[in-house]
Amino acid sequence: MIRRRSLLAAAGLGGVALALPGTVAQAAPSGAPIHLPAPTVGRPVGTVSLHLVDPSRQDPFAPTPGPRELMVQLWYPARGAAGRPRAPYTTAKVAALMDQRAHLDPGTLTRVCPTARLAAPAAPGALPLLLLGHGRQGTRTDCTALAEELAAHGYLVASIDHTYDAAAVEFPDGRVVRTALEENPADWDAAEHKEIAARVADLRFVAGELTSRRRALLPCADPDRIGVLGHSMGGAAAAEAVRQDERFAAGLNLDGGLFGSPVPQVGLDRPFLMLTSFADHETWQRWREHQHAWGRQLRQLDSGHLSFTDWPHVAGPGHFAQNTSAETYRQLFGTIAAERTTEISRAYVRAHFDRFLRNRPAPLLDAPSPRFPEVTFVWSHD
């Protein structure tokens with residue numbers, strides 16, 4: 001059973017300006033590099049980060065009134081990567097805060113090596129857009145390996161730091177905004193509805209910003225092919241975003257309880273896929289009873305709540321189990337190998353959006369596959 005509180009938080013993880021990730025000076029990492037799995041195709045991937053401000057909306061969490069301010073990281077297929085430096089995983093300030101918050105050895109996250117290249121020139125043409133949300137008190141880079149895989153296969157992936165929800169967000173001027181969420185709100189229902197409402201508004205705003213006008217140096221998003229996905233609370237927000245906004249053609253939830261919205265009571269009228277580590281949850285049961293459109297719930301055996309993120313790749317090198325406990329490690333990561341869980345989630349996420357944004361066959365979604373015996377079909381609706 002998924003707890004009311006995000007397991008990510010339980011573990012202690014918890015105008016437009018262009019900003020390149022890692023422009024703040026980073027300390028030299030100590031120890032061997034931690035390489036995230038490269039995309040399964042050799043196409044180069046570029047990345048940039050955007051500083052976006054929504055002047056039409058007041059930030060619901062800010063201590064002083066002001067417009068909602070976001071950092072959004074894009075991953076996209078590039079024309080080439082010659083001469084472009086490899087992107088750091090995150091900034092030095094955020095890395096240091098997350099190492100401490102996540103009980104990792106100091107310097108762990110600065111050792112993480114993604115594949116993408118900073119500001120590599122984008123491939124021409126309009127790309128299907130995928131909006132990606134992190135878990136409660138997570139960060140926009142938590143699913144970098146997944147984002148890079150999708151980008152290499154031709155998607156524009158936009159991952160949003162939900163300010164004051166994210167564990168830490170660094171803006172181009174060096175400000176770092178930490179989470180303002182209570183670890184254990186007195187009224188979980190009210191807190192979750194407020195958090196989901198803010199996240200969905202962020203998703204809708206970013207979709208508009210990326211599709212309303214072409215910006216120099218940035219990849220072009222196709223307004224007729226938009227999907228939304230997220231991990232944990234990000235998955236719940238993805239479901240509510242699909243319910244609210246007809247621009248979102250399909251959604252996907254990575255192990256998130258469907259809190260903070262009426263989705264479990266009313267279902268969705270567009271395709272939605274659940275990839276879960278837990279056997280079941282009462283919000284998923286209610287969603288299945290009311291889902292109107294195509295839907296699947298697939299369970300990945302031997303996994304944990306964080307198995308769908310990059311954290312399995314950093315927990316070992318960062319000595320997470322030794323800094324917390326082996327039992328906590330098992331609860332969050334299960335027993336499945338990091339490389340295998342990333343391979344599985346990449347395959348199913350890509351199959352889903354290839355089917356519903358590109359009209360490509362996706363037999364992986366029709367029946368259990370001998371390629372992935374770890375994945376069981378809990379429920380299907382066509």
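All values derive from a computational prediction rather than experimental measurement.

Calculation criteria
- Residues numbered from 1 in each chain as written.
- Predicted model: local features only at pLDDT ≥ 70, side-chain atom pairs only at ≥ 80, totals over all residues.
- Heavy atoms only, no water.
- Helix = DSSP H or I, 4+ residues; strand = E, 2+ residues; numbered from the N terminus.
- Rg over C-alpha atoms; globule rule 2.2 N^0.38 Å.
- Buried < 20%, exposed > 50% of the residue type's maximum accessible area, 1.4 Å probe, protein only.
- Areas by Shrake-Rupley, 256 points an atom, 1.4 Å probe, with all protein chains shown as cover.
- Polar contact = N/O pair within 3.5 Å; in protein donor to acceptor, adjacent residues only side chain to side chain.
- Contact = heavy atoms within 4.5 Å.
- Axes fitted to C-alpha atoms, helices over the stretch in contact; angles between N-to-C directions.
- Left-handed = near helix turned anticlockwise from the far one by under 90°.
- Nonpolar A, V, L, I, M, F, W, Y, C, P; charged D, E, K, R; others polar.
- Pairing = 2+ DSSP bridges.
- Core = buried A, V, L, I, M, F, W, Y, C linked by side-chain atoms within 4.5 Å.
- Phe/Tyr/Trp six-rings, centres within 6.5 Å; stacked < 30°, edge-to-face > 60°.
- Lys NZ or Arg CZ within 6 Å of the ring centre and 35° of its normal.
- Salt bridge = Lys/Arg side-chain N within 4 Å of Asp/Glu carboxyl O.
- pLDDT = per-residue confidence, 0-100.
- Disulfide = S-S within 2.5 Å.

**Some remarks on the overall build of the protein**
Next up, step 1: Looking only at helices and strands, one finds eleven helices and 15 strands in the protein.
Next up, step 2: Relative to the globule expectation of 21 Å for 382 residues, the C-alpha radius of gyration of the protein, 19 Å, shows essentially globular dimensions.
Next up, step 3: For the protein, the spread of C-alpha atoms along the three principal axes comes to 50 × 50 × 45 Å.
Next up, step 4: Relative to its 382 residues, the protein shows a buried fraction of 61%.
Next up, step 5: Accessible surface, the protein as shown: approximately 14,100 Å² in total, 53% of it carbon and sulfur.

**Let's talk about the side chain of Arg358**
Next up, step 1: In this fold, Arg358 is placed in helix α11 (residues 338–358).
Next up, step 2: Polar side-chain contacts of Arg358 include one of 2.8 Å to the backbone oxygen of His153.
Next up, step 3: Leave out the neighbours within four places in its chain, and Arg358 touches Pro128, His153, Gly154, Tyr155, Arg225 and Phe353.

**So, the packing of helix α4 (residues 188–212) against helix α5 (residues 233–244)**
Next up, step 1: Two elements in contact, α4 and α5, have axes whose closest approach is 9 Å; the angle formed by their N-to-C orientations is 65°. Read as a crossing pair, α4 and α5 show a hand that is right-handed. From α4, Glu192, Glu195, Ile196, Arg199, Val200, Leu203 and Arg204 reach across to α5, where they touch Met233, Gly234, Ala236, Ala237, Glu240, Ala241 and Gln244.
Next up, step 2: Here the residues of the contact of α4 with α5 sort into seven nonpolar, two polar and five charged.

**Comments concerning the pairing of strand β4 (residues 67–77)**
Next up, step 1: Of all the eleven residues making up β4, ten are buried; the element is thus mostly covered by neighbouring parts of the structure.
Next up, step 2: Here eleven bridges tie strand β3 (residues 45–58) to β4, and the two strands are oriented antiparallel to one another. The residue of β4 that forms the bridge with Val48 is Leu74.

**Quick look at the nonpolar core**
Next up, step 1: Within the largest apolar cluster, 42 residues are counted, with the highest numbers of intra-cluster contacts made by Leu74, Leu131 and Val206.
Next up, step 2: Of all hydrophobic cores here, the second largest spans 35 residues; its members include Val45, Leu132, Leu150 and Trp294.

**A few points about the packing of aromatic side chains**
Each aromatic ring pair is specified by the distance between its two centres and by the angle formed by the two planes.
Next up, step 1: The full count for this structure, using the stated rule, is seven aromatic pairs.
Next up, step 2: Considering the side-chain rings of Trp287 and Trp379, the 5.1 Å spacing of their centres and the 65° angle between planes classify their relative orientation as edge-to-face. Of this pair, Trp287 sits in helix α7 (residues 282–290) while Trp379 sits in strand β15 (residues 375–381), and the two are 92 residues apart along the sequence.
Next up, step 3: Taken together through their ring pairs, the aromatic side chains of Phe272, Trp287 and Trp379 make up a single cluster.
Next up, step 4: Above the plane of the ring of Tyr155 lies Arg358, whose end atom (NZ or CZ) is 4.2 Å from the centre.

**Focus: the pattern of salt bridges**
A side chain of one charge can pair with a side chain of the opposite charge if their charged atoms are brought near each other.
Next up, step 1: Per the counting criterion, the structure on display carries 27 salt bridges.
Next up, step 2: We note a salt bridge from Arg57 to Asp202, for which the minimum N-O separation is 2.9 Å. Taken together, the positions of Arg57 in strand β3 and Asp202 in helix α4 put the pair 145 residues apart, joining distant regions of the chain. The same class applies to Arg57 and to Asp202, which are both buried.
Next up, step 3: Within the structure, one salt-bridge network assembled from shared partners comprises Asp54, Arg57, Asp59, Arg68 and Asp202.

**So, the confidence of the model for the protein**
In low-pLDDT segments, the atomic positions of the prediction should not be examined closely.
Next up, step 1: Summary statistics for the protein give a mean pLDDT of 92 and a share of 91% for residues scoring 70 or more.
Next up, step 2: Taken together, the stretch residues 1–29 has pLDDT below 50 and engages in 98 contacts with residues farther than four places along the chain or on a different chain.

**A short note on unusual backbone geometry**
Next up, step 1: The phi dihedral of Asp302 is positive, around 65°, even though this residue is not glycine.
Next up, step 2: With respect to the secondary-structure elements, Asp302 resides in the loop between β14 (295–300) and α8 (311–315).
Next up, step 3: A positive phi angle is found at His319, which is not glycine, with a value near 60°.
Next up, step 4: One can find His319 in the loop between α8 and α9 (320–323).

**Side note on the state of the cysteines**
Next up, step 1: Within the structure shown, the criterion is met by zero disulfides.
Next up, step 2: This cysteine, Cys143, is not joined by any disulfide, and Cys113 carries the nearest cysteine sulfur, 18 Å off.
Next up, step 3: When its relative accessible area of 5% is taken as the criterion, Cys143 is described as buried.

**Quick look at the environment of Tyr155**
Next up, step 1: Assignment of secondary structure puts Tyr155 in the loop between α3 (144–152) and β8 (156–161).
Next up, step 2: Overall, the relative accessible area of 0% leaves Tyr155 in the buried class.
Next up, step 3: A sequence separation of 195 residues divides Tyr155 from Arg350, and the C-alpha atoms of the two residues are 9.6 Å apart.
Next up, step 4: Apart from residues lying up to four places away in sequence, Tyr155 is in contact with Trp75, Tyr76, Pro77, Pro128, Leu130, Leu150, Arg350, Phe353, Asp354, Leu357 and Arg358.
Next up, step 5: Engagement of the side chain of Tyr155 in a polar contact is seen with the backbone oxygen of Phe353, the distance being 3.2 Å.
Next up, step 6: Engagement of the side chain of Tyr155 in a polar contact is seen with the side chain of Asp354, the distance being 2.6 Å.

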